[in-house]
Amino acid sequence: MTTVWHNPRCSKSRAALTALTDSGRQVTVRRYLDDPPTPAELSEVLDLLGLEPWDLTRMGEDRAVELGLATAERERDRWIAILVANPVLIQRPIVLTEDGRAMVARDPETLKDLP
């Protein structure tokens, strides 16, 4: 089963979800704004992505500016807590595959690597 951390208001998220379902995949949709990840879940996804939380942060969001994240100290646990408390700051969509991979699928080419 493929899971998509999805924001239905985001065109890139909608496009990824459509591409996955059109390919015949069974997809579980997680509306991560309504059901934010736990710190442990986000940490695991970051590890799968090979990213740090600041790499996955939407720095252009008003909330990121309010929190001063552009110049904030890069401390992993603190940033994970910020993202969990403010899931709008998490890049989307995140696709988690049944074989244990994760990707930020902001473009259709990213999904072409899926078996």
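Caption draft 1: Geometry of unusual backbone geometry. Cis rather than trans, the peptide bond between Arg92 and Pro93 has omega equal to -10°. With respect to the helices and strands, the residue Pro93 is situated in the loop between helix H4 (76-85) and strand E3 (94-96).

Caption draft 2: Structural detail: H4. Within the span of H4, buried status applies to Arg76, Trp79, Ile80, Ile82 and Leu83. Looking straight down H4, one finds its buried side chains confined to an arc of 160°; they lie on one side. For H4, the exposed residues lying more than 90 degrees away from the buried face are Asp77 and Ala85.

Caption draft 3: Up close: the packing of aromatic side chains. Inspection of every chain in the model, using the stated rule, returns 1 aromatic pair. Taken together, a centroid distance of 5.7 Å and an interplanar angle of 80° make the contact between Trp54 and Trp79 edge-to-face. Of this pair, Trp54 sits in the loop between helix H2 (39-49) and helix H3 (62-66) while Trp79 sits in helix H4, placing them 25 residues apart in sequence. With relative accessibility at 0%, the residue Trp79 sits in the buried group.

Caption draft 4: The arrangement of the pattern of salt bridges in detail. By the definition in use, this model includes 8 salt bridges. A salt bridge links Glu52 to Arg76, with the nearest nitrogen and oxygen atoms 2.9 Å apart. Residue Glu52 is located in the loop between H2 and H3, and its partner Arg76 is located in helix H4; the two are separated by 24 residues in the primary sequence. Residue classification places Glu52 among the partly exposed residues on the basis of a relative accessible area of 28%. Note that Arg58 is salt-bridged to Glu61, the shortest N-O span being 3.1 Å. Classification of Arg58 as buried rests on a relative accessible area of 17%. Here the residues in one salt-bridge network are Arg30, Asp35 and Glu41, joined through shared partners.

Reading the values: rules and limits
- Residues numbered from 1 in each chain as written.
- Predicted model: local features only at pLDDT ≥ 70, side-chain atom pairs only at ≥ 80, totals over all residues.
- Heavy atoms only, no water.
- Helix = DSSP H or I, 4+ residues; strand = E, 2+ residues; numbered from the N terminus.
- Buried < 20%, exposed > 50% of the residue type's maximum accessible area, 1.4 Å probe, protein only.
- Arc of directions from axis to C-beta.
- Phe/Tyr/Trp six-rings, centres within 6.5 Å; stacked < 30°, edge-to-face > 60°.
- Salt bridge = Lys/Arg side-chain N within 4 Å of Asp/Glu carboxyl O.

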